[in-house]
Amino acid sequence: MESLRITAGMGDITSYETLVNAGADELFAGFVPFSWNKTYGNLLPLNRREVLFYHVQIGTLEDMKILRKKIDRYHIPVTITFNSLYYVKEQLPVIADYIRDLSALGFSDYIIADINLIRYLSEHCIPCRIHISGEIGEWNEYTLRLLLSLSNDTTRITRIIFHRKTDFRDMARCVSVGRSLDPALEFEAFCMNENCHYTGGYCNSLHCDEMVHLCQLEYRLSPQVSAPAAEYNDDEDIPGETGCGLCAIEDLQALGITHLKVVGRGLSPECVARDIQAVKEVLRTGDPSPFRTKCHHTCYYQKRV
């Protein structure tokens, strides 16, 4: 399973070396300059992380220049996220200018969720490679065909990131159709952390400093049929504490998945590094059993279809 590659989230440039040394094949990071926050604030966010209190975004072009030098040294690329669900019309040229600035520094890949932004970049022939964010919503072959119709020689869609709730049947169909349209198309699936019970494309909660995230509000579910829960230790320090797909890695590869996502923006670099190492170990051995302590609470793929 060594052909599968690991992509991990990075909260700031200081964690780059830690995640690279842990074994990440590529990283992704948010970029939100002060000019955006000054103009639009949290209500019209550039990313799905409207946080200032702790390290979730990179905030200056100077930091991006430093990050570029790190990439040149370690040769592990970083994809930049502009993955808010939608942008208003006046924001589209602003984001295009950000992409031009970042492209001038050597960044070429961007995670995007807003179809209108993709259309704008394509129509204006902004040079970039686009990873379709899982935040875009439901996946089927019709969505895939629509998105790939926006791809051209300059603004290319190179990867599809499946959202958290995509079942294996839909993944398999999209991979088959996608490869028929573009044999080089890549496919990415969630593997570790943040197995939110909401589908991102339908979540309008602000993930900001001022309010609790909607998915973190206390609630209780009462099952119709009670079953004894497996025992586990809440204090145990194990990988994938908030979401884990290690048991499905072999099946994901068989479906045609090329990249495994380790969510990490907002987490400590040490936690993300631990999760990367767990994925690397399963890829090496093919055995997820040492990491199954909390499967019933955190598994991404309890239901394969």
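So, here's what we can say about the structure.

Definitions and cut-offs
- Residues numbered from 1 in each chain as written.
- Predicted model: local features only at pLDDT ≥ 70, side-chain atom pairs only at ≥ 80, totals over all residues.
- Heavy atoms only, no water.
- Helix = DSSP H or I, 4+ residues; strand = E, 2+ residues; numbered from the N terminus.
- Expected span 1.5 Å × (residues − 1).
- Buried < 20%, exposed > 50% of the residue type's maximum accessible area, 1.4 Å probe, protein only.
- Arc of directions from axis to C-beta.
- Contact = heavy atoms within 4.5 Å.
- Phe/Tyr/Trp six-rings, centres within 6.5 Å; stacked < 30°, edge-to-face > 60°.
- Lys NZ or Arg CZ within 6 Å of the ring centre and 35° of its normal.

### With respect to helix H3 (residues 61-74)
Here is step 1 of the chain: Helix length check: H3, at 14 residues, gives a terminal C-alpha distance of 20 Å against a target of 20 Å (1.5 Å per residue), a fit within 8%.
Here is step 2 of the chain: Taken residue by residue, H3 has Met64, Leu67, Arg68, Lys70 and Ile71 as its buried positions. Buried residues of H3, viewed axially, fall in a sector of 160°; they line one side. Turned more than 90 degrees from where H3 packs its buried face, Glu62, Lys69 and Arg73 sit exposed.
Here is step 3 of the chain: On its buried face, H3 sits against helix H1 (16-22), strand E2 (26-31), strand E3 (57-58), strand E4 (78-82) and helix H4 (91-105).
Here is step 4 of the chain: Looking one or two residues beyond H3, the residue adopting positive phi is His75, at roughly 60°.

### Regarding the packing of aromatic side chains
Here is step 1 of the chain: Taken as a whole and assessed by the stated rule, the structure comprises ten aromatic pairs.
Here is step 2 of the chain: With a centroid separation of 6.2 Å and 55° between ring planes, the pair formed by Trp36 and Tyr98 is classed as tilted. Here the residue Trp36 occupies a position in helix H2 (residues 34-40), and Tyr98 occupies one in helix H4, the gap between them amounting to 62 residues. Assigned by exposure class, Trp36 and Tyr98 land together as buried.
Here is step 3 of the chain: With 5.9 Å between their ring centres and 35° between their planes, Tyr300 and Tyr301 make a pair best called tilted. Pair check on accessibility: Tyr300 and Tyr301 agree, each one buried.
Here is step 4 of the chain: Taken together, the aromatic side chains of Phe31, Trp36, Tyr40, Tyr87 and Tyr98 make up a single cluster linked through ring pairs.
Here is step 5 of the chain: The residue whose ring lies beneath Lys261 is Phe28, and the NZ or CZ to ring-centre distance is 4.1 Å.

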